[in-house]
Amino acid sequence: MTSRRPFGGRGAGLGLALVSAVAFGGSGVAAKPLIEAGLDPLHVVWLRAAGAAVVMLPLAWIHRDLPRRRPALLLGFGLLAVAGVQACYFAAISRIPVGVALLVEYLAPALVLGWVRFVQRRPVTRAAAFGVVLAVGGLACVVEVWAGLRFDVVGLLLALGAACCQVGYFVLSDQGGDAGDEAPHPLGVIAYGLLVGTAVLTVIARPWSMEWSLLAGTARMDGTPVAAFLLLGWIVLLATALAYVTGVVSVRRLSPAVAGVVACLEAVVATVLAWVLLGEHLSLPQIAGGVVVLLGAFIAQSSTPAAPSAGPVAGSAPAGKRTAGEELSGARDPA
């Protein structure tokens, strides 16, 4: 409905979701060389959040009434969508390949289904359950469980933590989207979310202990020297400010379900960039497993209602509502 989606048309929403996926997908590729150059992962996360918060500061001033109106939303967005996702993901890529970390992170649709089934205690459709099984099976191929779990277990758990926080990102991005003129402006939510996330990360990361001189040097991308400040600019401006703005606005235009489906492309973008720029090659079973993870995530996410339903089954659209798959195809509800 136009009252719920005030930030452009559906095509614009899909385009913004695609831009967000590409922008987010480049964060790990730019961050990993800085981490390998000697920066602590939490310090890179702090630089990312703090830099983007400074960029978005004018918008925080414009929407300065937002903390009074929606304090819980801003606190949740800052803790989960900013500090939680980024800290877990960057810590994960310091231990496991970028592509693997993101593929684990995109188990988020399965976690959404788990929330629906075990927390909200609503049944889920067979298609959604099948998507979860596919995603988990694909993940087993990505981490090559037959070889005794080749990847660092702590790294995998951190990537799973990023997946849990990503669920909060999509859910919170849509909060208030159906409130019309009373809806919290997405740019204000992002600006204050970055400020909250920066405050939390300052306590955790203790940036005053950072080796600031490393930012004046170079880092190496698969052996090629790159100025550290250019990588930091990539992370702050493209992979954070642009990624969050386009991502949150796209969720408002579409729904968490549809935006989540498009966001799965982030894993593809990150894997390809890591392959080309970092030399992180995946084996054929891992590539096949990654495809299965994304397919499972798509099925699980597209079988979830775009909005909470009054009906008893998650994944079956109630009257007047469309599932994510129907929203993507533009199919209309039956009379």
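Above: the structure in question.
The paragraphs below set out a description of the structure included in this document. (Residues numbered from 1 in each chain as written. Predicted model: local features only at pLDDT ≥ 70, side-chain atom pairs only at ≥ 80, totals over all residues. Heavy atoms only, no water.)

Turning next to the packing of aromatic side chains. In this structure the tally under the stated criterion is seven aromatic pairs. A ring pair is formed by tyrosine 89 and phenylalanine 90, whose centres lie 5.7 Å apart and whose planes are at 55 degrees; its orientation type is tilted. In terms of burial, tyrosine 89 and phenylalanine 90 fall into one category: buried. Put simply, the rings of Phe24, Phe77, Tyr169 and Tyr244 pair up and form one aromatic cluster. Residue placement shows arginine 64 over the ring face of tryptophan 61; its charged tip is 4.3 Å from the ring centre. (Phe/Tyr/Trp six-rings, centres within 6.5 Å; stacked < 30°, edge-to-face > 60°. Buried < 20%, exposed > 50% of the residue type's maximum accessible area, 1.4 Å probe, protein only. Lys NZ or Arg CZ within 6 Å of the ring centre and 35° of its normal.)

For the rest of this paragraph, the subject is the pattern of salt bridges. Oppositely charged side chains are able to pair whenever their charged atoms sit close together. Enumeration over the complete set of coordinates arrives at two salt bridges. We note a salt bridge from lysine 32 to glutamate 280, for which the minimum N-O separation is 2.8 Å. With lysine 32 in helix α2 (residues 27-36) and glutamate 280 in the loop between α13 (265-278) and α14 (284-302), the pair connects residues that are 248 residues apart, well separated along the chain. Glutamate 280 carries the same exposure label as lysine 32, and that label is buried. Linking arginine 69 and aspartate 65 is a salt bridge whose minimum nitrogen-to-oxygen distance equals 3.5 Å. (Salt bridge = Lys/Arg side-chain N within 4 Å of Asp/Glu carboxyl O. Helix = DSSP H or I, 4+ residues; strand = E, 2+ residues; numbered from the N terminus.)

Quick look at the layout of surface pockets now. One number sums up the size of the second largest pocket: a volume of about 160 Å³. What lines the second largest pocket is simply Leu103, Ala267, Val268, Thr271, Val272, Trp275, Leu282, Gln286, Ile287, Gly290, Val291 and Leu294. Looking at the lining of the second largest pocket, the elements with two or more residues in it are α13 and α14. When grouped by side-chain class, the residues that make up the lining of the second largest pocket number nine nonpolar, three polar and no charged. (1 Å grid on protein atoms, 1.4 Å probe; cavity = no way out; pocket = protein on both sides within 12 Å on 5 of 7 lines; lining within 4 Å. Points joined across faces, edges and corners; volume = space filled by probe spheres on them. Nonpolar A, V, L, I, M, F, W, Y, C, P; charged D, E, K, R; others polar.)

Under the defined criterion, the tally for this structure stands at two cavities of 30 Å³ or more. There is about 220 Å³ of room inside the largest cavity. Lining of the largest cavity is provided by 22 residues; of these, Phe24, Tyr106, Gln166, Tyr169 and Glu266 occupy positions nearest its centre. Looking at the lining of the largest cavity, the elements with two or more residues in it are α1 (10-25), α5 (71-93), α9 (153-173), α11 (228-253) and α12 (256-263). Tallied by class, residues from the lining of the largest cavity come to 13 nonpolar, six polar and three charged. Taken as a whole, the second largest cavity holds about 30 Å³ of empty space. Around the second largest cavity, the lining residues are Leu34, Ala37, Leu39, Leu214, Thr218, Ala219 and Ala228. Within the lining of the second largest cavity, the residues separate by chemical class into six nonpolar, one polar and no charged.

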